[in-house]
Amino acid sequence: MDFTPEKRKKTAKWLIGVVTACILIFLGVQNIGAVADALSWCISLIAPLLIGFAIAVILNVPMGFFESHFWKNTKKPLLQKLRRPVSFLLALIIILAVFVGVVWLVIPELFNALNVIAQGVMGFINELNSMTGAELSQLPFGDALLSIDWDYVLSSIQNWLKDEGGTIVNTAFGTVTSLVGGIFDFFIAFVFAIYILFSKDKLKRQACRLIRAWLPKGFGEWLIHASSVANVTFRNFISGQSLEAVILGSLCAIGMLALQIPYAPMVGALVGVTALIPVVGAFIGTIVGAFMILTVEPVKAVIFVIFFLILQQIEGNLIYPRVMGSRVNLPGMWILAAVTVGGGISGPFGMLLSVPVASTAYILFKEATQRREKQQAGQLTEKEEPEASA
């Protein structure tokens with residue numbers, strides 16, 4: 001087969017690229033520890049920017065809703081300039097109001113529950129102190145209590161506190177330092193999110209120009225299309241998951257009020273917030289709620305667990321499919337797999353983002369498979385490119 005000089009040049013470049021990639025992969029596998037440390041360092045370095053981008057994605061959902069309804073067709077320059085700042089402030093106020101409301105409902109009740117537990121423990125200790133040796137021996141664990149040398153236990157605790165005092169102080173200082181650093185990083189992330197939201201149209205145009213100018217045409221158009229799919233998927237997921245969480249939290253609170261279970265508003269709000277994490281989130285709120293109810297009325301705690309299991313079945317089989325519908329085009333099996341992998345990689349934050357990421361990959365792979373099947377069936381006379389949204 002004869003190759004023209006241009007084809008030989010392209011083939012040589014392709015071979016050099018493949019060999020270089022193989023060498024880099026081999027070196028990376030040989031030094032996997034150093035590569036992991038470098039990646040971890042890079043991620044920690046840009047962590048505030050990644051958090052800021054995530055905040056922007058979340059805030060953009062209510063902000064985009066307000067932007068599409070406020071002064072949409074107005075020709076007044078002042079209203080056009082005010083549309084985005086007003087939409088941003090309303091979105092921020094709504095999210096902060098939800099957060100403050102949940103904290104206001106949960107934290108005081110949680111402290112009350114802990115206070116009840118502390119009072120019960122102290123009362124039990126005082127009751128034990130007032131008992132004689134004969135009375136203690138009649139308890140199921142009385143012999144074990146009498147056999148313990150409490151003076152030795154107290155002296156051991158005091159000696160441990162003296163020996164580990166410096167470590168405890170250093171740990172406390174490190175915790176405070178990390179907290180201050182976390183607050184500073186969050187401030188940087190929030191400012192970065194504001195820049196993204198107020199310049200999103202300009203950033204979108206610039207990104208498309210850069211992709212089309214510097215990347216091969218086919219890959220660049222696919223990347224723009226993939227970004228568009230991801231944007232729609234994330235927006236639909238956040239809006240649908242938020243609506244589903246509100247419905248589940250409201251039904252939980254209403255059912256608890258009907259069954260006269262304590263802490264109904266607080267547990268309903270907690271279940272609603274934790275339900276933002278797909279699949280397992282609502283169960284986290286349920287465990288905390290059951291623990292708090294247990295401190296007041298143990299029987300009602302059992303009733304609450306049974307009630308929530310029934311509610312979860314109704315929500316999972318009737319409400320969730322109708323609310324989400326085609327918002328997140330991902331089968332339930334892959335949702336569970338995505339949540340499991342995301343939680344293992346990055347905890348609750350990974351669980352929250354895993355579903356839209358997996359849904360985006362699922363849609364893109366489905367589109368690619370359909371194009372491949374059409375090509376194999378001879379239905380495509382020329383290569384189809386995904387439609388790119390500028």
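Structure shown above.
If you're wondering where the values come from, they're calculated on a predicted model, not measured in any experiment.

Peer 1: What exactly am I supposed to notice about the packing of helix α8 (residues 200–214) against helix α9 (residues 217–258) here?
Peer 2: Where α8 meets α9, the closest approach of the two axes is 8 Å, and the angle between their N-to-C directions is 155°. In terms of axis orientation, α8 runs roughly antiparallel to α9. The two elements α8 and α9 cross, and the hand of that crossing is right-handed. Together, Cys208, Ile211 and Arg212 of α8 and Gly220, Glu221, Leu223 and Ile224 of α9 make up the contact between the two elements. For the contact of α8 with α9, the per-class residue count stands at 4 nonpolar, 1 polar and 2 charged.

Peer 1: Before we go on, may I ask you to explain the nonpolar core in this structure?
Peer 2: Soluble, globular proteins show a tendency: their nonpolar side chains are buried together. Core analysis: the largest hydrophobic core is formed by 24 residues, its most contacted members being Cys252, Met256, Val267, Val271, Ile293 and Phe304. Counting residues per element, the ones that place at least two in this core are α3 (77–129), α9, α10 (264–274), α11 (281–294) and α12 (298–324). Sort the elements by how many residues they give to this core and α10 lands first, with 6 residues. Setting aside residues no more than four positions away along its own chain, Val267 makes contact with Cys252, Met256, Gly289 and Phe304.

Peer 1: Looking at this structure, how should I read unusual backbone geometry?
Peer 2: Peptide bonds are trans in most cases, and residues, glycine excluded, mostly fall at negative phi. For Gln260, which is not glycine, the phi torsion reads 60° and is therefore positive. Along the chain, Gln260 turns up in the loop between α9 and α10. Phi is positive for Tyr263, close to 65°, though the residue is something other than glycine. By the secondary structure assignment, Tyr263 is in the loop between α9 and α10. Judged by its relative accessible area of 16%, Tyr263 is buried.

Peer 1: Sorry if this is basic, but what is going on with the packing of aromatic side chains here?
Peer 2: Note on aromatic pairs: each is described by the distance of the centres and the angle between the planes. A complete count under the given rule lists 5 aromatic pairs for this structure. Ring geometry for Phe88 and Phe190: centres 6.5 Å apart, planes at 45°, overall tilted. One end of the pair, Phe88, is in helix α3; the other, Phe190, is in helix α7 (residues 165–198), and 102 residues separate them in sequence. Residues Phe88 and Phe198 carry aromatic rings whose centres are separated by 5.4 Å and whose planes lie at 65° to one another, so their mutual orientation is edge-to-face. You can see Phe88 sitting in helix α3 and its partner Phe198 sitting in helix α7, a full 110 residues away along the chain. Residue class for Phe198 comes out partly exposed when judged on its relative accessible area of 33%. Ring pairs connect the aromatic residues Phe88, Phe190 and Phe198, which therefore count as one cluster.

Peer 1: Whenever I open this one, the pattern of salt bridges confuses me. Can you help?
Peer 2: Side-chain pairing between opposite charges can occur once the charged atoms of the two side chains come close. This model, assessed by the stated rule, comprises 5 salt bridges. The residue Glu221 makes a salt bridge to Arg212 at a minimum N-O spacing of 3.1 Å. Accessibility expressed as a relative area gives 41% for Arg212, which makes it partly exposed. A salt bridge links Lys300 to Glu297; its shortest N-O distance comes to 3.6 Å. Through salt bridges with shared partners, a single ionic network connects Glu67, Arg84, Lys200 and Asp201.

Peer 1: What am I meant to see in a nonpolar patch on the surface here?
Peer 2: Side chains of Ile32, Val35, Leu39, Trp41, Ile43, Leu45, Ile46, Leu49, Leu50, Phe184, Phe187 and Ile188 sit close together on the surface and give an oily, nonpolar patch of about 1200 Å² of accessible area. Of all the elements in the fold, those that place two or more residues in the nonpolar patch are α2 (32–67) and α7. Broken down by element, the nonpolar patch gets its largest block of residues, 9 residues, from α2. Inspection of the secondary structure puts Ile32 in helix α2. In this structure Ile32 comes out as exposed when scored by relative accessible area, which is 56%.

Peer 1: For this particular structure, what's the right way to read α2?
Peer 2: Side chains of residues three or four places apart in an α-helix project in the same direction, reflecting 3.6 residues per turn. When the local axis directions of α2 are compared, the greatest deviation, roughly 60°, occurs at Ile46, which is followed within four positions by the proline Pro48. Regarding α2, the residues found buried are Pro48, Gly52, Ala54, Ile55, Ala56, Leu59, Asn60, Val61, Met63, Phe66 and Glu67.

Peer 1: Would you mind showing me how to read the side chain of Arg83 here?
Peer 2: Tracing the backbone through its elements, the reader meets Arg83 in helix α3. Comment: no salt bridge for buried Arg83; closest opposite-charge side chain is Glu67, at 6.1 Å. Apart from residues lying up to four places away in sequence, Arg83 is in contact with Glu67, Phe70, Trp71, Lys72 and Thr74.

Peer 1: I keep staring at the packing of α2 against α9 and nothing clicks. Help me out?
Peer 2: Two packed helices can be described by the angle between their axes and the distance between those axes. Where α2 meets α9, the closest approach of the two axes is 10 Å, and the angle between their N-to-C directions is 70°. By the angle between their axes, α2 is roughly perpendicular relative to α9. Taking contact as the criterion, the partners of Val57, Ile58 and Val61 in α2 are, on α9, Phe234, Arg235, Ile238 and Ser239. Classifying every residue of the contact of α2 with α9 gives 5 nonpolar, 1 polar and 1 charged.

Cut-offs used in this document
Each chain carries its own residue numbering, running from 1 in the written order of its sequence. With pLDDT at 70 or above as the cut-off, local features in this predicted model cover only qualifying residues; side-chain atom pairs require 80 or more to be listed or tallied, and sums for whole chains, interfaces and linings still use all residues. Processing note: side-chain calculations cover all non-hydrogen atoms of the structure and skip hydrogens and water entirely. Axes here mean lines fitted to C-alpha atoms, for a helix over just the part in contact, with angles spanning 0 to 180 degrees between N-to-C directions. Going along the chain from the N terminus, every DSSP run of H or I of four or more residues is numbered as a helix, and every run of E of two or more is numbered as a strand. Between 65 and 115 degrees an angle is taken as roughly perpendicular, under 35 as roughly parallel, over 145 as roughly antiparallel, and anywhere else as oblique. Take the far helix as your reference; a near helix turned counterclockwise from it by less than a right angle gives a left-handed crossing, and one turned clockwise gives a right-handed crossing. Residues are treated as being in contact if the distance between any of their heavy atoms lies within 4.5 Å. Just so you know the grouping, Ala, Val, Leu, Ile, Met, Phe, Trp, Tyr, Cys and Pro go in nonpolar, Asp, Glu, Lys and Arg go in charged, and all remaining residues, Gly too, go in polar. Buried residues of nine kinds, namely Ala, Val, Leu, Ile, Met, Phe, Trp, Tyr and Cys, make up a nonpolar core once their side-chain atoms join them within 4.5 Å. Remark: exposure states derive from per-residue accessible area (1.4 Å probe, protein chains only) relative to the maximum for the residue type, with buried under 20%, exposed over 50%, and partly exposed in between. Two rings belonging to Phe, Tyr or Trp (six-membered ring only in the last case) form a pair when the distance between their centres is within 6.5 Å. Interplanar angles under 30 degrees mark stacking, angles over 60 mark edge-to-face geometry, and anything in between is tilted. Criterion for a salt bridge: a side-chain nitrogen of Lys or Arg within 4 Å of a carboxyl oxygen of Asp or Glu. In this scheme, patches are assembled from residues that exceed 30% relative accessible area and form no salt bridge. Like charges are connected within 9 Å, while nonpolar side chains (Val, Leu, Ile, Met, Phe, Trp, Tyr) are connected within 5 Å. Working definition of accessibility: Shrake-Rupley area with a 1.4 Å probe, residue cover restricted to the visible protein chains. Working definition for bend: take the seven residues up to and ending at a residue and the seven starting at it, fit an axis to each, and measure the angle between the axes. This count recognises Lys and Arg as positive and Asp and Glu as negative, with His and chain-terminal groups excluded.

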